[in-house]
Number of protein chains: 2
Amino acid sequence: MELELTDVSALACCPPMVDEALTEAAAVDLARGFKALGDPVRLRLLSMIAARGGNEVCVCDLTDAFAVKGPTISHHLRVLREAGLIDCERRGTWVYYWVIPSALAPLSQLLDTSALTPTA
Amino acid sequence: MELELTDVSALACCPPMVDEALTEAAAVDLARGFKALGDPVRLRLLSMIAARGGNEVCVCDLTDAFAVKGPTISHHLRVLREAGLIDCERRGTWVYYWVIPSALAPLSQLLDTSALTPTA
């Protein structure tokens, strides 16, 4: 798989909320991403995929870390994919997942409070 | 009201997920914050409060921007407060809200993908 590099200049859309309040349309869009992150199993799955950097992860390497069963893992991975935070490809028996940095970056930027937090 | 400066050294707990996968306990804790952000009205409310920098905002200045009624706004503000993202104080007729930067910072840091995204 090739890592697709998305044009990050498009992300200039989302300044930190400490600088500027969100528009209604932007809030609808961004809340979808946060909602997908609002579950501990999904958040761990995303972090396990993201921790491989831009590389893909076999679903077979994700399931062992969880007490929940395969179909539950698949459901949570689908929610993350429908929110646009990860993508996947089936090859043979397994599905391989990778993170989409350009989808996480606006969420991170929005919550950036460095303008408020003294770096003392 | 005085702005309370929280010790940000405590935030060293949460490196970007592109560096390190989350523990189960950290995922439970952080997912609570993201879940609170996973609603467009709550996300806009938080952004309107955050956009005042470290200053407080009267609830009377928040409601006009929304089609939903006062009790719905109050409910969403309570969810944000229970997630530890904002705090408030009642003075006379009105309640005044302010953002807690040290609660937003770990969420932002977790989703930071700058190690993956070339700055070209």
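Residues numbered from 1 in each chain as written. Chains lettered and ligands numbered in written order. Predicted model: local features only at pLDDT ≥ 70, side-chain atom pairs only at ≥ 80, totals over all residues. Heavy atoms only, no water.

Where helix H1 (residues 24-37) of chain A meets helix H1 (residues 24-37) of chain B, the closest approach of the two axes is 7 Å, and the angle between their N-to-C directions is 150°. On the basis of their axis angle, the class for H1(A) and H1(B) is roughly antiparallel. Considering the relative orientation of H1(A) and H1(B), their crossing is left-handed. Every residue of H1(B) that contacts H1(A) at Ala31(A), Phe34(A), Lys35(A) and Leu37(A) is listed here: Ala31(B), Phe34(B), Lys35(B) and Leu37(B). Across the contact of H1(A) with H1(B), the residue classes tally to six nonpolar, no polar and two charged. (Axes fitted to C-alpha atoms, helices over the stretch in contact; angles between N-to-C directions. Helix = DSSP H or I, 4+ residues; strand = E, 2+ residues; numbered from the N terminus. Parallel < 35°, antiparallel > 145°, perpendicular 65-115°, else oblique. Left-handed = near helix turned anticlockwise from the far one by under 90°. Contact = heavy atoms within 4.5 Å. Nonpolar A, V, L, I, M, F, W, Y, C, P; charged D, E, K, R; others polar.)

Many structure descriptions define interface size as the accessible area lost when the parts assemble. Taken together, the contact between chain B and chain A spans 41 residues of the former and 41 residues of the latter. Between chain B and chain A, the buried area comes to about 3300 Å², and carbon and sulfur atoms account for 77% of it. On the surface where chain B and chain A come into contact, there are two salt bridges. Close ionic contact of Arg44(B) with Glu24(A) constitutes a salt bridge, the shortest N to O distance being 3.8 Å. At the boundary of chain B with chain A, the tally comes to five residue pairs in polar contact (both at pLDDT 80 or more). Going through the elements one at a time, H1, helix H2 (40-50) and helix H4 (101-110) of chain B are the ones with two or more residues in the side of chain B that touches chain A. Looking at which element gives the most residues to the side of chain B that touches chain A, the answer is H1(B), with eight residues. For the side of chain B that touches chain A, the per-class residue count stands at 27 nonpolar, eight polar and six charged. (Buried area = accessible area lost by both parts, 1.4 Å probe. Salt bridge = Lys/Arg side-chain N within 4 Å of Asp/Glu carboxyl O. Polar contact = N/O pair within 3.5 Å; in protein donor to acceptor, adjacent residues only side chain to side chain.)

Our next topic: the sheet that holds strand S1 (residues 57-58) of chain A. Residue and element names in this part refer to chain A. Spatially, three strands are ordered S1-S3-S2 in an open sheet, and the strand pairing comes out antiparallel. Single-partner strands in this sheet number two, and they are S1 and strand S2 (86-91). With two bridges connecting them, S1 and strand S3 (residues 94-99) associate as antiparallel partners. Across the sheet, the residue bridging to Cys58 is Tyr96, located in S3. Running over the sheet, helix H3 (residues 70-82) touches S2 and S3 and is turned about 125° from S2. (Pairing = 2+ DSSP bridges.)

So, on to the relation of the copies chain B and chain A. With an axial shift of 0.0 Å and an RMSD of 0.0 Å, the rotation relating chain B to chain A amounts to 180°. Both chain copies can therefore be described as sitting about a two-fold axis. Among all C-alpha atoms of chain B, that of Ser108(B) lies closest to the rotation axis, at 2.1 Å. Both copies share a contact surface, since 100% of the interface residues of chain B are interface residues in chain A too. (Least-squares fit on C-alpha atoms with pLDDT ≥ 70 in both.)

Residues and elements named next belong to chain A. Overall, the predicted model of chain A reaches an average pLDDT of 87, with 86% of residues at or above 70. In this model, residues 5-12 is a region of pLDDT below 50 whose contacts with residues beyond four sequence positions or in other chains number eight contacts. Interface confidence for the predicted complex, given as ipTM, is 0.85, next to a pTM of 0.85. (pLDDT = per-residue confidence, 0-100.)

The next point concerns the nonpolar core. With 66 residues, the main nonpolar core has Phe34(A) and Phe34(B) as its most contacted residues. Excluding residues that lie within four positions of it along the chain, Phe34(B) makes contacts with Phe34(A), Lys35(A), Leu37(A), Gly38(A), Leu43(A), Leu111(A), Leu107(B), Leu110(B) and Leu111(B). (Core = buried A, V, L, I, M, F, W, Y, C linked by side-chain atoms within 4.5 Å. Buried < 20%, exposed > 50% of the residue type's maximum accessible area, 1.4 Å probe, protein only.)

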